[in-house]
Amino acid sequence: MTRMPENPEKHSLFYRGKAPISPLADSCPALSDWFDSGLGREILTQQLALVQPVVEGMFGYHLMQASVARQVDFAACSRINHRFKLSPCPEGQGAALVEFEQLPLPSESIDVAVLHHLLDFSPQPHQVLREAARVLIPGGHMVLIGFNPFSLLGLARLFGGSSPYQLGNQLRAARIEDWMNLLDLQSGQVERGFFRMPLNHGDLLSKTSWMERVGTRWHLPWGGFYIIVARKEVARMRTIKLNWRGEKKPALSAVPSSPRVAARGRHHKQGRHNSRHNK
């Protein structure tokens, strides 16, 4: 079993000795209400615009989506027939109530999994990611959305903000990608959105739309949220049949454990050859 850090938020620049993260079931109602605010709706609109085309291009039989917001549907345009929602709180509209640290799903049973800010607000984000990776089939896709702590939206927390979105784990996209690599999830290009100031007034937000255009055009790294699309890559074992009864027996030799070891062996072999040649 792969090991991950027990308290990853302690390694964040934004860790201030805060109280432990509340369970998802407790924080979900406040987060859903925040996504109904002017700032939350703007962020959710951008996330839908970026994620829905990605999900639409994915195929399979079963699609699972899970969110801390009750009013979002990233799979509305998906071509996958069997689509279902999971939620950490009873207020989830049409979603099954589950604990994401222990999903009630068999291993390798889901083709596409969409995780919307679950890792941001879970007390055990690495366990949530591990469970989502477990239920994915080999070749399946995961779409993960999270808040970027290195953004104008994330920096607002340093000024004593107490909005629900500021009370999460503050996980960097690079850290999530490291966790994914340990779970055989190969991430692709990371998309980012919402480059504006975190203003909760519609008119003020519209006046900073130029920041959105600049950030999107130049792919700036300080977007308020990130979207990671990963594919589950599992190495398959292949049986090689050897003909032990033939006249020529197969030669057995040691196999280097890594390309670095193999290169070192070739270097030593070449050195011995040169010394023998000089003699």
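What comes next concerns the included structure. Not measured: the values here are computed from a predicted model.

Basis of the calculations
Residues numbered from 1 in each chain as written. Predicted model: local features only at pLDDT ≥ 70, side-chain atom pairs only at ≥ 80, totals over all residues. Heavy atoms only, no water. Helix = DSSP H or I, 4+ residues; strand = E, 2+ residues; numbered from the N terminus. Buried < 20%, exposed > 50% of the residue type's maximum accessible area, 1.4 Å probe, protein only. Contact = heavy atoms within 4.5 Å. Expected span 1.5 Å × (residues − 1).

A positive phi angle, near 55°, is found at Gln170, a position not held by glycine. With respect to the helices and strands, the residue Gln170 is situated in the loop between helix H4 (152-155) and helix H5 (173-182). Unlike most non-glycine residues, His219 shows phi in positive territory, near 50°. In this fold, His219 is placed in the loop between helix H7 (209-217) and strand E8 (225-232). Its relative accessible area of 57% is what places His219 among the exposed residues.

Before going further, it helps to examine the side chain of Glu177. Among the secondary structure elements, Glu177 is positioned in helix H5. For Glu177, the contacting residues outside a window of four places in its chain are Ser187, Gly188, Val190 and Ile228.

What follows deals with helix H2 (residues 38-56). Here H2 is 19 residues long and its end C-alpha atoms lie 27 Å apart, about the 27 Å a rise of 1.5 Å per residue gives. Buried within H2 we find Leu39, Gly40, Ile43, Leu44, Gln46, Gln47, Val51 and Val55.

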